[in-house]
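Coordinates in review
Next come the chains, spelled out residue by residue.
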Amino acid sequence: MIDAGSNAPSDRAFELPNPQLSPAQAQAIVAAHWSLGGQIDEVGSTQDQNFRVSCRDGRRFAFKVASPLWSRAELELQNAAMDHLAAGGLDVAVPVPVRADDGSLIVTAGDYLVRVLTWVDGVPLWQAGRLGPESWRALGGLAARSAHGLRDFEHPALERVSQWDTRRAVEVVDALCTGEPTATRDRLATAMARFGLVTGPDRDLPLQPIHCDVTDLNTVTAGGRPALPSGLLDLGDVVRTWRVCDPVHTAVAAMAHGLDDPLAVALEVLAGYQDETALNADELDAFWPLVLA
């Protein structure tokens, strides 16, 4: 989230309020601005409110109601990044924005900014049953290919301040630690201890636009075993940051499925990334401290 005039993530950015439109309200907006009709069903989101629109002619779309914390510039960034990845020939499906009847890609509906995107078919990867090394390696590879696809992407909002940008981990951890017991703060301080050592100005950590959230929550699979990603969703965290943050975010999500041996899971993700794009020595040195951060 952008916090205008500040160099740190806003305290409000941690609240992540979801919009609360009813399906009937969503259906009315979609019909009025996109002339789309049919069944509408709410699907999950951590910040926005998302609906699946199933038209009578078989077409399906995603209707997204943005959290009030998103600025129009950030939504324009997301739209542009989706179009850029789709046009660049990424080998998995990516949603793209659909113009409203008046040609707009973003519509103001009451208190909310809303959009319609193409629907990407598939089962969310996190719902595809037990995921093994092949799935995590493939997810790491997709993180690398999406970063390759965004390497030449430019947009003014890429320089936004976001709590999901791992470069800001110290600020975010400090903000979230307020009021925590001393023992918890001490454990977190230990986990953060190497952050400054591996990210200092003498370190070669290339910057570029990245998806920043290539996870099992933001990918779908077409089925089969092993479950492999066939679609990449949710460009809401796109930002210009250290390139290595992409496999870091993917590894953190994957580790939640392998808490008996989290390092092994993280290394599968890293190996998959390395299969596609070789990270340099400083990036490899920073990988695990950034995972902890």
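This section reports on the structure supplied with the text.

1. Remarks on the sheet that holds strand β10 (residues 229-232)
Reading across the sheet, the three strands line up as β7-β9-β10 and stay open at both edges, with antiparallel pairing between neighbours. The open sheet terminates on both sides in strands that have one partner only, identified here as β7 (123-124) and β10. Across the sheet, helix α3 (residues 133-150) lies against β9 (219-221) and β10, angled at about 40 degrees from β10, the strand it touches most.

2. Side note on helix α9 (residues 281-292)
Turn by turn, an α-helix covers 3.6 residues, leaving residues three or four places apart pointing in a common direction. Taken together, the buried positions of α9 are occupied by Glu283, Ala286, Phe287, Pro289, Leu290 and Val291. The secondary structure elements touched by the buried residues of α9 are α6 (195-198), β11 (239-242), α7 (245-255) and α8 (262-276). Put simply, Asn280 is the residue that caps the front of α9, since its side-chain oxygen is 3.0 Å from the backbone nitrogen of Asp282.

3. Focus on the environment of Ser230
With respect to the helices and strands, the residue Ser230 is situated in strand β10. Sequence separation between Ser230 and Gly149 is 81 residues; the distance between their C-alpha atoms is 16 Å. Apart from residues lying up to four places away in sequence, Ser230 is in contact with Val92, Ala93, Val220, Thr221 and Ala222. One polar contact links the side chain of Ser230 to the main-chain amide nitrogen of Ala222, over a distance of 3.1 Å.

4. Describing the pattern of salt bridges
This model, assessed by the stated rule, comprises 17 salt bridges. For the salt bridge of Arg137 with Glu268, the shortest nitrogen-to-oxygen distance reads 3.7 Å. Of this pair, Arg137 sits in helix α3 while Glu268 sits in helix α8, placing them 131 residues apart in sequence. On the basis of relative accessibility, which here comes to 35%, the residue Arg137 falls in the partly exposed class.

5. Points about helix α2 (residues 72-87)
Compared with an ideal rise of 1.5 Å per residue, which puts 16 residues at 22 Å, α2 spans 22 Å between its outermost C-alpha atoms and is within 8% of the ideal. All buried positions along α2 are accounted for by Glu74, Leu75, Leu77, Gln78, Asn79, Ala81, Met82 and Leu85. Contacts from the buried residues of α2 go to β4 (97-98), β6 (112-118), α3 and β10.

6. Remarks on the packing of aromatic side chains
Overall, the coordinates contain three aromatic pairs when judged by the stated rule. With centroids separated by 6.1 Å and ring planes inclined at 35 degrees, the aromatic side chains of Phe51 and Phe63 adopt a geometry described as tilted. Of this pair, Phe51 sits in strand β2 (residues 49-55) while Phe63 sits in strand β3 (residues 60-65), and the two are twelve residues apart along the sequence. Each member of the pair Phe51 and Phe63 is classed as buried. Between Phe195 and Trp242, the ring centres sit 6.2 Å apart and the planes meet at 50 degrees, which makes this aromatic pair tilted.

7. Here's the deal with the environment of Val43
Along the chain, the position of Val43 falls in strand β1 (residues 38-43). What makes Val43 partly exposed here is its relative accessible area of 26%. Along the primary structure Val43 and Lys64 are separated by 21 residues, whereas in three dimensions their C-alpha atoms are 9.9 Å apart. Not counting residues up to four positions away in its chain, the partners in contact with Val43 are Asn50, Phe51, Arg52 and Trp119.

8. A few points about the packing of α3 against α8
At their nearest, the axes of α3 and α8 sit 7 Å apart, and the two run at 45 degrees to each other. The orientation of α3 with respect to α8, classified from their angle, is oblique. Here the hand of the crossing between α3 and α8 comes out right-handed. In this structure, α3 contributes Pro133, Trp136, Arg137, Gly140, Gly141, Ala143, Ala144, Arg145 and Ala147 to the contact, and α8 contributes Val265, Glu268, Val269, Ala271, Gly272, Tyr273, Asp275 and Glu276. Grouping the amino acids of the contact of α3 with α8 by side-chain chemistry returns nine nonpolar, three polar and five charged.

9. Some thoughts on the packing of α7 against α9
Packing of α7 against α9 leaves a shortest axis separation of 9 Å and a crossing angle of 50 degrees. Of the possible angle classes, the one that applies to α7 and α9 is oblique. Considering the relative orientation of α7 and α9, their crossing is right-handed. Where α7 approaches α9, its residues Pro247, Val248, Ala251, Val252 and Met255 are matched on the opposing element by Phe287, Trp288, Leu290 and Val291.

What counts and how
Residues numbered from 1 in each chain as written. Predicted model: local features only at pLDDT ≥ 70, side-chain atom pairs only at ≥ 80, totals over all residues. Heavy atoms only, no water. Pairing = 2+ DSSP bridges. Helix = DSSP H or I, 4+ residues; strand = E, 2+ residues; numbered from the N terminus. Contact = heavy atoms within 4.5 Å. Axes fitted to C-alpha atoms, helices over the stretch in contact; angles between N-to-C directions. Buried < 20%, exposed > 50% of the residue type's maximum accessible area, 1.4 Å probe, protein only. Polar contact = N/O pair within 3.5 Å; in protein donor to acceptor, adjacent residues only side chain to side chain. Salt bridge = Lys/Arg side-chain N within 4 Å of Asp/Glu carboxyl O. Expected span 1.5 Å × (residues − 1). Phe/Tyr/Trp six-rings, centres within 6.5 Å; stacked < 30°, edge-to-face > 60°. Parallel < 35°, antiparallel > 145°, perpendicular 65-115°, else oblique. Left-handed = near helix turned anticlockwise from the far one by under 90°. Nonpolar A, V, L, I, M, F, W, Y, C, P; charged D, E, K, R; others polar.

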